[in-house]
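Take a look at the letters that make up each chain.
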Amino acid sequence: MYTDTERCVRAVRSKDARFDGWFFTAVLTTRIYCRPSCPVVPPKAENMTFYPSAAACQQAGFRACKRCRPDTSPGSPEWNARADSVARAMRLIQDGVVDREGVPGLAGRLGYSARQIERQLLAELGAGPLALARAQRAQTARLLIETTGLPMAEVAFAAGFASIRAFNDTVREVFALSPSELRTRASRTSPTSRTSPTSRASRGDSSDRGGRPGAPDTSGTERTPGGPGTPGVISLRLPFRAPLTPDNLFGHLAATAVPGVEEWRDGAYRRTLSLPYGHGIVALAPRPDHIACRLSLTDPRDLTLAISSCRRMLDLDADPVAVDEQLRADPSLAPLVDKAPGRRVPRTVDAAEFAVRAVLGQQVSTAAARTHAARLVTAHGVPVDDPEGGLTHLFPSSEALAALDPEALALPRSRRTTLTTLVAALADGSIRLGPDSDWERAREQLIALPGFGPWTVEVIAMRGLGDPDAFVPTDLGVRRAAAGLGLPSTPAALTARAAAWRPWRAYAVQYLWATDDHAINHLPG
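Residues numbered from 1 in each chain as written. Predicted model: local features only at pLDDT ≥ 70, side-chain atom pairs only at ≥ 80, totals over all residues. Heavy atoms only, no water.

A. Geometry of the overall build of the chain. Looking only at helices and strands, the chain has 23 helices and nine strands in total. The C-alpha radius of gyration of the chain comes to 23 Å, within 12% of the 24 Å expected for a compact globule of 525 residues. Relative to its 525 residues, the chain shows a buried fraction of 57%. For the chain, the share of sequence-separated contacts (at least 6 apart) that also reach a separation of at least 24 residues comes to 65%. When the accessible surface of the chain is totalled, it reaches about 20500 Å², and 54% of it is carbon and sulfur. Separation between the mean location of the 63 positive side-chain charges and that of the 55 negative ones in the chain comes to 4 Å. (Helix = DSSP H or I, 4+ residues; strand = E, 2+ residues; numbered from the N terminus. Rg over C-alpha atoms; globule rule 2.2 N^0.38 Å. Buried < 20%, exposed > 50% of the residue type's maximum accessible area, 1.4 Å probe, protein only. Contact = heavy atoms within 4.5 Å. Areas by Shrake-Rupley, 256 points an atom, 1.4 Å probe, with all protein chains shown as cover. Lys, Arg positive; Asp, Glu negative; His and termini not counted. Charge placed at Lys NZ, Arg CZ, Asp CG, Glu CD.)

Structure (structure tokens):
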């Protein structure tokens, strides 16, 4: 979109927040870059130029606007709707792979050379993998500087910088402030001061530091004003593109929660997270203009991956206006879209975990699937402490499950074979499920396993891999909803009718499921 200057200028002049993350506006006279919805008076059109990423702006010598904070924009929905090498690379960079494994590690995961990945990212985003990772490190550093009291040296290494000097230079270049000045500025603009070494005092409203009421901001924190902070806890706001209907999103996660790993408590969905440097516990609660996120991490270096995993699970980078516009064109779906626009696809933080759970859920009730998963968790999961709730374990890794005794599983023999074959393939790496997966290749590998049919494969593609066009025409709930709406109810005929919904068939499934009065469609009381 950034190449369409006229369209970008119109979006900037209208301060249209729907385009935040799609492109960035760089002002030639001030050398500052902004999000399209920046509240300041728009510059003259001849003084604006547009870039596809914050990294490209920074690489061109522009600094982030202190008013609209463009680095906190929702991510581009383009990376969630595509499965090509650039989209897969962007998802991995967002997960911090370049910081942990370098560009060769990124390229190796994608099956390309480092030079090929560099060339593809430069052509489409105006910045290579190192520049994109650097921009993300800067954002993570700002988050830690402003929301915690960690010493700056710890912030630098937690954000992924290799040295204090690189940390200082990057922060000054990107934000035109030193790390200490950023922290001082954050303290001055917060209604109350920081009282804990790891938690910043709460803002009493939903306005950002620039004074724009209700602006989504990933750096906001929450705790009881005047109360003590919790060591190791970072609270922040996860922005999204409006509208967002939270009912089926959080209802699905809560209704299918695995005891010990997930729970709904005090108006928030909580779960444990397995992370590269340790583990964490996250609490996510829907708010009118953001998702309140409370993260407890054993190692702050996992912050980047924890945030990106939560955003992916809640589908927060989706473009609901584009999705709903296409689905609304079908007269049968239009009333459902108009009734509750902005439905998201409930996804997962770990595709391999979801694949295991999908097998356990084959041809059984939701309650039975939860029971089977809970038994695996108790027997093979790593125990964790949760002072604030009832979480007890991490979901067991594929390696741990590969060593289980099939005879100990309270499952039909055929289901045992399906599960053990899956976890063996995941453990030895012959099947890799994650943000770097090629969706069609993953489908081919999964359908070749014993006991895997189209429903299981498509559910994994939809919720595990994040394919927005995954479709389950054989699902009983989908067929029942289709019949009630006068749509074809046989799988072949419904698939033909659903061609008009592409590439958003996974979202159409959410609207169809929502016609049923099932617990997955309601926020817990």
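The structure having been displayed, the exposition proceeds.
B. Molecular detail of the pairing of strand 5 (residues 233–238). The element strand 5 is largely enclosed, with a buried count of six among its six residues. Alternating positions in strand 5 separate into two faces, Val233, Ser235 and Arg237 on one and Ile234, Leu236 and Leu238 on the other, with burial throughout. Two elements, strand 5 and strand 9 (residues 291–297), share six bridges in a ladder whose sense is antiparallel. Paired with Val233 across the two strands is Ser296, which belongs to strand 9. (Pairing = 2+ DSSP bridges.)

C. Broad picture of helix 4 (residues 85–94). In terms of burial, helix 4 is a largely internal element, nine of the ten residues being buried. Buried within helix 4 are the following residues: Ser85, Val86, Ala87, Arg88, Ala89, Met90, Arg91, Leu92 and Ile93. For helix 4, the elements touching its buried residues are helix 3 (78–81), helix 5 (97–110), helix 6 (114–125), helix 7 (129–147), helix 12 (303–314) and helix 19 (439–447). At the N-terminal boundary of helix 4, the capping side chain belongs to Asp84, with an oxygen 3.3 Å from the backbone nitrogen of Val86. Immediately downstream of helix 4, the backbone of Gly96 shows phi near 85°, a positive value. (Polar contact = N/O pair within 3.5 Å; in protein donor to acceptor, adjacent residues only side chain to side chain.)

D. Structural view of the sheet that holds strand 2 (residues 32–34). Pairing within the open sheet is mixed, and its four strands lie in the order 3-1-2-4. Strands at the two margins of the open sheet, each flanked by one partner only, are strand 3 (48–51) and strand 4 (63–64). Where strand 1 (residues 24–27) and strand 2 come together, three bridges link them in antiparallel fashion. In the sheet register, Val27 faces strand 2, and the bridge partner there is Ile32. Strand contacts of helix 1 (residues 5–14): strand 1 and strand 3, with the helix running at about 105° to strand 3, the strand carrying the most contacts. (Axes fitted to C-alpha atoms, helices over the stretch in contact; angles between N-to-C directions.)

E. Layout of the packing of helix 4 against helix 5. Packing of helix 4 against helix 5 brings their axes to within 10 Å, and their N-to-C directions diverge by 160°. Taken together, the axes of helix 4 and helix 5 are roughly antiparallel relative to one another. Of the two possible hands of crossing, helix 4 and helix 5 adopt the one that is right-handed. Between helix 4 and helix 5, the residues in contact are Ser85, Arg88, Ala89, Leu92 and Ile93 and Val97, Val98, Leu106, Arg109 and Leu110, respectively. (Parallel < 35°, antiparallel > 145°, perpendicular 65-115°, else oblique. Left-handed = near helix turned anticlockwise from the far one by under 90°.)

F. Focus on the packing of aromatic side chains. One pass over the structure, following the stated rule, counts eight aromatic pairs. Judged by centre distance (5.9 Å) and plane angle (55°), the ring pair of Tyr51 and Phe62 falls under tilted. One end of the pair, Tyr51, is in strand 3; the other, Phe62, is in the loop between helix 2 (54–59) and strand 4, and eleven residues separate them in sequence. Classification of Phe62 as buried rests on a relative accessible area of 3%. Relative to Trp264, the ring of Phe250 lies with its centre 6.1 Å away and its plane at 70°, an arrangement referred to as edge-to-face. Of this pair, Phe250 sits in helix 11 (residues 246–255) while Trp264 is found in strand 6 (residues 262–265), placing the two residues 14 residues apart along the sequence. Its guanidinium or amino end placed over the ring of Tyr277, Arg301 lies 3.9 Å from that ring's centre, counting from NZ or CZ. (Phe/Tyr/Trp six-rings, centres within 6.5 Å; stacked < 30°, edge-to-face > 60°. Lys NZ or Arg CZ within 6 Å of the ring centre and 35° of its normal.)

G. Fine view of the sheet that holds strand 9. Pairing is antiparallel across the open sheet formed by five strands, whose spatial order is 5-9-8-7-6. Lying at the two open borders of the sheet, with one neighbouring strand each, are strand 5 and strand 6. Neighbour to neighbour, the strand axes of the sheet diverge by 25° on average, direction disregarded. Sheet analysis places strand 7 (residues 268–275) next to strand 8 (residues 278–286), joined by seven bridges and oriented antiparallel. Counted as the bridge partner of Arg271 is Val282 from strand 8. Packed on one face of the sheet, helix 11 meets strand 6, strand 7, strand 8 and strand 9 and runs near 140° to strand 8.

H. How the structure looks around the confidence of the model for the chain. Of all residues in the chain, 92% attain a pLDDT of 70 or more, and the chain-wide mean is 88. The low-confidence segment residues 191–229, where pLDDT is below 50, has 118 contacts with residues more than four positions distant or belonging to other chains. (pLDDT = per-residue confidence, 0-100.)

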